[in-house]
Structures are given as structure tokens and as C-alpha cells.
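One-letter residues, chain by chain:
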Amino acid sequence: MSDNTTANYSLGGQVPTGPKILTSRWESADGHTYDGYVRTGGYTALRKALTTMSPAQVHDEVKASEMQGRGGAGFPAGTKWGFLPADVHPRYLVINGDESEPGTYKDRLLMEKDPHQLIEGIIIACYAFGAAQAFLYVRGEMALAQERLAQALNDAYANNLVGKRICGTDFSVDITLTWGAGAYIVGEETALIESLEGERGMPRLKPPFFPASKGLYMQPTIVNNVETLSNLPYIVNQGGTSFKDLGGATSSGMRIFAVSGHVNKPGVFEVPNGITTFRMLFEAPEYCGGVRSDRKVKAFIPGGASAMWFFDEHLDLPLDKPTVDQAGSMLGSGAIVVMDETTDMVKACWRVVRFFARESCGKCTPCREGTTWLERILHRILTGNGRREDLDLLFEVSESISPGLAWPPRQTTICPLGPSAVSPIASAVNRFRHEFEHYIEHGRAIAGVEYVPMHAGSSHGAHAHV
Amino acid sequence: MSRFNDSNVTLAKEIIGRFPRPKSAVIPLLHLAQEQDGYVTRDAMSHIAELVNVTTAEVYGTATFYEMFKFEPIGKYCVNVCTNIACQLVGGWELLEHAEEKLGIKAGSTTEDGLFTIEDVECIAACTEAPAIQVNYRYRYKVTAENLDQLIDDLRAGRLADEIPPHGTLARVRQRTTDTWANTGIEAQAKVDAR
Ligand SMILES: Cc1cc2nc3c(=O)[nH]c(=O)nc-3n(C[C@H](O)[C@H](O)[C@H](O)COP(=O)(O)O)c2cc1C
Ligand code: SF4
Ligand code: FES
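Residues numbered from 1 in each chain as written. Chains lettered and ligands numbered in written order. Predicted model: local features only at pLDDT ≥ 70, side-chain atom pairs only at ≥ 80, totals over all residues. Heavy atoms only, no water.

Description of the site of ligand 2
Note the threshold: Nearness of a residue to a molecule or strand requires only that one of the residue's heavy atoms be within 4 Å of it. Only Asp, Glu, Lys and Arg are considered charged, only Ala, Val, Leu, Ile, Met, Phe, Trp, Tyr, Cys and Pro nonpolar, and every remaining residue, Gly among them, polar.
Of all residues adjacent to ligand 2, which total 13 residues, the nearest are Cys361, Lys363, Cys364, Cys367 and Cys415 of chain A. Here the shell around ligand 2 is composed, by residue class, of 8 nonpolar, 4 polar and 1 charged.

What follows is the structure in C-alpha cells.
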């Protein structure tokens, strides 16, 4: 790690830091236990909400917090809860712990290291909008998170913090812990609901199946992300405006970002939302401490594999939702992947596309066939079998999945997965066309990038789930 | 082969009771079947169908959507190497190749002694710890070729048996349905269904 990379931040040289409101127990050995949680102020917010606030007051604090959902779409939580039709019961809360967007790494840590904080947030939400039951859906591959949550729930039940007449009040609600079995698409909220009903995890058409009106068992349902709900104890204890003030004007609170790839110290950081810039995250010693071997950033993915890529001209953008949206990408699920100047862009592009091809649920033809085609074309380019017309073909196929390659995408498919597969192509081919052409002509990467020949058997189409 | 044994039938009924509708328990019960037998047998799927009152075809339809469910025996240890973008950038593919050489099999297959299966998997949410792998869904971070060799030797010698149960077992702590279970969701849904 070198210190000479840390000067000259665009915001006056200051690297904003803030209190740890989500990750405060991550370093502590027993932060995940009931005793560790209660000792550090746990469950005070739940008692406060249940005994001193009305459900409407809790909802008002969440509205005042202006917290944007942390699952990817960034929709304000308070507003979403407001979409529930009045007087239609039962209604459900579904907690999305399916974290599988490539680059994303924070919900698993929140579940493993602070499961009670999530449980407390869940009960607060259920109280605020009158949920009859909550379903905590964890990704299937996360054995430790499942174990920690099961233990935490058993302890919370035993201490009268979940279940019948919580904290001696007349509010009762159950949390059912369950998990998936390997399918990225189940992270999409309507697919998650299908999966919870015991079906294949295929998205539903919106409209009419907006979860808030026709969700789980066709009842009104709120789907919220793990990080979103983990913020609620702080919001109830400190107030919505105090949460809001931690972040920038248009992106409130603290937010967790995972920065991976070619940085000296990849890590998961809780930063003031909307203020910190990408450059600060990559370079400051309190965060990633610079790009490896002091190289330059060639490209980075700002918000998970679905996002359009950014380049060096975007380094000084703050991690602020409207700013990043306007620059043509998204912050998505807080997943930042850094690629330095030695990165093979063709291979990087292919690898992200292969993900979408493999994870397509197969319901819509443009996505199922299109993503498979895109993967095959890129794969043949990488193995030295590319054809001159392949780059045009890539765009032709992309057009059929995402007309105009617009951002946000114009939807011809049921869900945004199909159009997401086009992001790496629109990003990499437009910017690094010469690298693709070089592969087509010479069967290998341009000089100066790390060239690793393709692994046999690495091609994958949309057959995994179909 | 292999319907649920008696204690798993009891457990299955308890799991079904946690959902307003029985079919919601299909995926948890498929996991239970895989825990019992190491993979999901046809008989287990029929048994699940009986328990939640749907056809075996419906259970099969659901099961085959999800990559974690295996329909024939696989290795006692399933080694999943992530090759997605963050791992690819720092040597995920090289690690996969190393695993293949070490075990003498290709990704997607199982060693003859039935001990190991290798899979080339998508992002496992450990991107800042890349290259990352899982063995039976337990993580190993920043894995080098030497780490991997050691890990495989340890598994072979049974040295990690406490930490890593055989394929099929996920959480070793189960949620209990206690007498403080409120049942609000089920009662409320029953009222709606009766409308
Ligand atoms: C293909 C796809 C995958 C998604 N995966 C996840 C996921 O793994 N976790 C998550 O919380 N949200 C995921 N989402 C977003 C959810 O649909 C939903 O917007 C989110 O869970 C809502 O929670 P929030 O409002 O608290 O952010 C995904 C969306 C799409 C289209
Ligand atoms: S866009 Fe793809 S993943 Fe989404 S519903 Fe259609 S086929 Fe399934
Ligand atoms: S890319 Fe390998 S863990 Fe995320």
C-alpha cells in the first residue's frame, strides 16, 4: 500500500467517514449472540416502538429517513410501505436475503455477524404496517448465515421478542426462516414470492403482480432487502431525520459498499451515503488504499454485474443515487468491482454475460435465447474462433433483448435480468472495441493485458434452470 | 429408496406448519431430503408430494429449477470454485484448474471414490475475499493453490469432519417452533381463504 495515492480528493481533501450504524458489531466476537446484542443496546428500539409509538409514527420516521432500499432498485422504503392497500389483510413481509448479484457482499455479513439487528428490524417493520407474518428468505448457499439466524430466532422467541404478545404488548407476529436452493433470479422479488410458494423461481409480470397489492398468496406483500431492514433499529432509536443527516442531500443514511477486484485492500465498508466518491473509496488508506501496483483504473462496475460500467472519468462522482443514475449507471446493490489497466476486457465482458446466460430463468424468449447467443459469440471470440461480423451480431442480439440499449432499459422481457446482460456488452465493446477486434484477428488479447487462455468447458448457456 | 425416516417426518410436519400453505414447504423439504440421503431421491419427492398434498410431478418441477438439488449421488464434499468477475480478476480460473488437476476430474464431475465433486460456480458473495470457494457451502477465503491442496488433504483425512458435514447438510441449528409461536399468519390466511 502506498501513501502517495491518497492526496487531492475532489471534495476538499476530506474523506468522509461516519458512525457505524450497521456494522458496529462486526468486529466483536459475540456480536451475533443474543447476549452480545443486548449488551450493546439491542432490542431497545423494538421496545420503544412497541410501547411508546403507534405503527403510523414508526412509518412516519421511516418516511422522514428517506431511506432508499438497499436491494438494488433504490426505492424509498417508507413510500413502498405506503402502497399497501388500506384494510386488506393478511399482509406479509418478505425479507430478501438472496444476495447473489456478482460483486455484492454485505447482506451475508449482516446476517452472519448481526442477525439480531435484522430480526429487530423485521419486527419493527411488521409492527409499522401490520404484517401477519414475515418470511426470511436466505440464499441457499449460505450455511453459516442460516445457522446464525436460526439460533438468533430461537433466542429471540425464547425472550419474547418474536411470536406471541411481543414484549408483553398485544402485538404478535412470527418470522419463518427459510432458504433457497441456488438460483440468482430468485432475488427478483416476484420470483422470490413464487419460490416461497413452492414453485420454480420465475418472475411474475408487473403489472398486475406488484407485490404490494398482489404478492405472496395474492395478498399484499412488502419485499425488503436485509440491509434496508437492518437500518430500522437505528431509525427508531435516533429518529428518521438523524438517519437522513448522516448521508448526502439526495442519498440518506450510511450505506455498505463492497469493493473488490484490483485494489490493494478489497473490503466491505460502511460509508456516508451520497457523499463519498469512488476515488476516495479506491484510494484512501481508510478504505482500499489504492489500486494494486499503483496501476490505473481501466474500468469499474459501480453497482453489481447488472450495472453499466464506469471509467476513469467517473472516479470523482459521489456514491449518490441520482448522480450515478444520471451518469448512465446505477449503484444497485453496493457492489463495486475495480479492473486495472492490465484487465482483459473481452474476458471480463464474457464472464459477466455468462453469468446472466446461466441464470436466465428461461421464461422469456429474448432473454433465454439472447443471453445464450451472446455468451456463445463472446466465447468463440475468446477461443480464437471469432468472426468479423461478430461485433455487429452482438449488438443485433442485444437490441432484441433491450431495444435501443437504453439505460434504464426498455423492457421487452418480464424482468430486468435479460436487459442486464447487455450492460457489459454496451460498456466494454463500445469503449474497448479494438480489444475485441484484436481477438477476432489474432485469437488472443492485445499486448499489455493479462492473457489467460480460456478454461475448457467454461461456456454456459441458459440451460441451468430451464 | 429413501422416503423420510420417522424423525424427519415429524420435522417435515413442523416445517409445513410454519407456512400458511403447505406447498410453500416444498423447498425446505427438498433440503431435508438431501440432508437425509445426500441427494434428492424419487421416493423422497413422492413422499414430499404426499405430505404437502400436490403431485410428485409438481415437486419434481420445482426441484429441477434449483441448482443445489442433485438427483443422483455426488461427492461427500462438493467443492465450489467461484469464477465470477471478482474472482476471475485475481485467479479464480487458475484455482479451478488447479482443483481439477489435484483431483483428476473436470468441473461438474465426481471422483471415483465418491469423495469429491467440483463445480464451477457463480458469485458466492465473498468478492472482497477473492478467490473464494465453498466446500459443502462452507467458505474458504483468498484461496491459493497450496491452501487448496491442504484443504483437500485435510478433508480426505477426515480432519475437518466437525466443521464440514457431508453434502446435504446446511444449517446445523434448526428453527424451533415453540409454544410462543403466534400462528397469526396461518389463522389470518385461513380467514382470507374462507372468504
Ligand atoms: C434479477 C434481479 C435480482 C435481484 N436480486 C436481489 C437480491 O439478491 N437481493 C435483494 O435484496 N434484491 C434483489 N433484487 C431486487 C428485488 O427485486 C427488490 O427490489 C428488493 O429486494 C426490494 O428491497 P428494497 O426495497 O429494500 O431494496 C433483484 C432484482 C432483480 C431484477
Ligand atoms: S428476463 Fe430472463 S430472467 Fe427475467 S423473467 Fe424473462 S427469461 Fe426470466
Ligand atoms: S465473484 Fe467470486 S465471490 Fe463474488
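More follows now that the structure is in view.
Notes on the domain arrangement of chain B
A common way to express how large an interface is: the accessible area buried when the components associate. Residue and element names in this part refer to chain B. This is how the line gets drawn: The source of the domain bounds is an automatic or database domain assignment. Here, residues are in contact when the closest pair of their heavy atoms is within 4.5 Å. Simply put, the buried area is the total loss of 1.4 Å probe accessible area from both parts when two parts are fitted together. Criterion for a salt bridge: a side-chain nitrogen of Lys or Arg within 4 Å of a carboxyl oxygen of Asp or Glu.
Domain annotation for chain B reports domain 1 (6-71 + 167-194) and domain 2 (77-157). For domain 1 and domain 2, the distance between their C-alpha centres works out to 30 Å. Domain 1 puts 6 residues into the contact, and the matching count from domain 2 is 5 residues. Approximately 530 Å² of surface area, both sides summed, lies buried where domain 1 meets domain 2, with 45% of it carried by carbon and sulfur atoms. The tally of links between domain 1 and domain 2 comes to 1 salt bridge. Glu119 serves as the salt-bridge partner of Lys70, at 2.7 Å between the closest nitrogen and oxygen.

As for the nonpolar core
A general tendency of soluble globular proteins is for nonpolar side chains to be buried together. How we decide: Here the nonpolar core consists of buried residues drawn from Ala, Val, Leu, Ile, Met, Phe, Trp, Tyr and Cys, with membership extended through side-chain atoms lying within 4.5 Å. Accessible area is worked out with a 1.4 Å probe on protein chains only. A residue is then buried under 20% of its type maximum, exposed over 50%, and partly exposed in between. Put simply, DSSP marks the helices as runs of H or I at least four residues long and the strands as runs of E at least two long, and each gets a number from the N terminus on.
Counting residues in hydrophobic clusters, the biggest one holds 197 residues, and the most contacted among them are Leu93, Ile122 and Trp309 of chain A together with Leu29 of chain B. At 10 residues, the largest contribution of residues to this core is made by helix α6 (residues 115-129) of chain A. Val259, Leu315, Leu319 and Ile336 of chain A belong to the second-largest nonpolar core, a separate cluster that totals 23 residues.

Considering the site of ligand 1
Residues and elements named next belong to chain A. The criterion, for reference: Two N or O atoms form a polar contact when they lie within 3.5 Å of each other; inside protein one atom must be a possible hydrogen donor and the other a possible acceptor, and for residues adjacent in sequence the pair counts only when both atoms belong to side chains. Exposure was quantified through the Shrake-Rupley algorithm and a 1.4 Å probe, taking into account, for residues, occlusion by the shown protein chains and nothing else.
Inspection of the region around ligand 1 gives 18 residues, with Gly71, Lys80, Asn224, Asn225 and Thr228 positioned closest. The contact in question runs from an oxygen atom of ligand 1 to an N or O atom on the side chain of Thr228, over 2.7 Å. Bound to the protein, ligand 1 loses 90% of the 610 Å² it would expose on its own. When residues in the shell around ligand 1 are grouped by element, the largest group, 3 residues, is from strand β4 (residues 221-225).

Re the sheet that holds strand β8 (residues 335-340) of chain A
Residues and elements named next belong to chain A. Put simply, the test is: Should DSSP find at least two bridges between two strands, the strands are regarded as paired. For every element, the axis is a line fit to its C-alpha atoms; helices are fit only across the contacting stretch, and the angle between N-to-C directions ranges from 0 to 180 degrees.
An order of β6-β5-β8-β7 is seen for the 4 strands of this open sheet, with the pairing classed as mixed. Every other strand in the sheet has two partners, leaving β6 (267-272) and β7 (297-301) as the edge strands with one partner each. When the angles between neighbouring strand axes are averaged without regard to direction, this sheet yields 30 degrees. With 4 bridges joining them, strand β5 (residues 254-261) and β8 adopt parallel strand pairing. Its bridge partner being in β8, Ser260 is matched across the sheet by Val337.

Points about the sheet that holds strand β3 (residues 133-135) of chain B
Residues and elements named next belong to chain B. Taken in spatial order, the 4 strands make up an open sheet running β2-β1-β3-β4, and their pairing is mixed. Of all strands in the sheet, those with a lone pairing partner are β2 (116-121) and β4 (138-140), marking the two edges. When strand polarity is set aside, the average angle formed by the axes of neighbouring strands in this sheet is 25 degrees. Helix-sheet contacts for helix α6 (residues 92-103) involve β1 (77-82), β2 and β3, and the interaxial angle to β2 is about 160 degrees.

Focus on the interface of chain A and chain B
The interface of chain A with chain B comprises 82 residues on the first partner and 65 residues on the second. Approximately 6000 Å² of surface area, both sides summed, lies buried where chain A meets chain B, with 54% of it carried by carbon and sulfur atoms. Looking only at chain A, the three residues that lose the most surface to chain B are Tyr217, Arg351 and His455 of chain A, adding up to 11% of its buried area. Here chain A and chain B share 8 salt bridges between them. Ionic pairing is found between Glu147 of chain A and Arg172 of chain B, a salt bridge with its closest N-O pair at 3.5 Å. The interface formed by chain A and chain B contains 43 residue pairs in polar contact (both at pLDDT 80 or more). Within the residue set of the side of chain A that touches chain B, elements represented by two or more residues are β2 (133-138), α7 (143-158), β3 (174-179), α8 (189-196), β5, β6, β8 and α14 (345-359) of chain A. In terms of residue count, α14 of chain A provides more of the side of chain A that touches chain B than any other element does, 9 residues in total. A per-class count over the side of chain A that touches chain B returns 37 nonpolar, 28 polar and 17 charged.

Re the pairing of β2 of chain A
All names here are of chain A. Under the convention used in this document: Here a crossover is taken to be right-handed if, once the strands point away from the viewer, the path from the first strand over the helix to the second is traced clockwise.
Across the 6 residues of β2, 6 count as buried, placing the element largely inside the fold. The side-chain alternation of β2 yields two buried faces, one formed by Gln133, Phe135 and Tyr137 and the other by Ala134, Leu136 and Val138. Note that strand β1 (residues 92-97) and β2 share 6 bridges and pair parallel. Each bridged residue has a counterpart across the sheet, and for Leu93 the counterpart in β2 is Ala134. As paired elements, β2 and β3 share 6 bridges and run parallel to each other. Paired with Gln133 across the strands is Asp174, a residue of β3. For the crossover that starts at β2, traverses α7 and ends in the parallel β3, the hand is right-handed.

Regarding the pattern of salt bridges
By the definition in use, this model includes 46 salt bridges over all chains. Its salt-bridge partner being Arg351 of chain A, residue Glu122 of chain B comes within 3.0 Å of it at the nearest N-O pair. In this pair, Glu122 of chain B is assigned in the loop between β2 and β3 and Arg351 of chain A in helix α14, connecting two distinct chains. Looking at Arg351 of chain A, the relative accessible area reads 0%, which means it is buried. Notably, a salt bridge pairs Arg3 of chain B with Glu50 of chain B, separated by 3.0 Å at the nearest N-O pair.

Considerations on the pairing of β4 of chain A
All names here are of chain A. Burial of β4 is extensive: 5 of the 5 residues sit out of reach of the surface. Side chains Thr221, Val223 and Asn225 project from β4 onto one buried face, and the interleaved Ile222 and Asn224 project onto a second face that is buried too. Where β1 lies against β4, 5 bridges are found, and the strand directions are parallel. Opposite Leu93, over in β4, you have Ile222 as the bridge partner.

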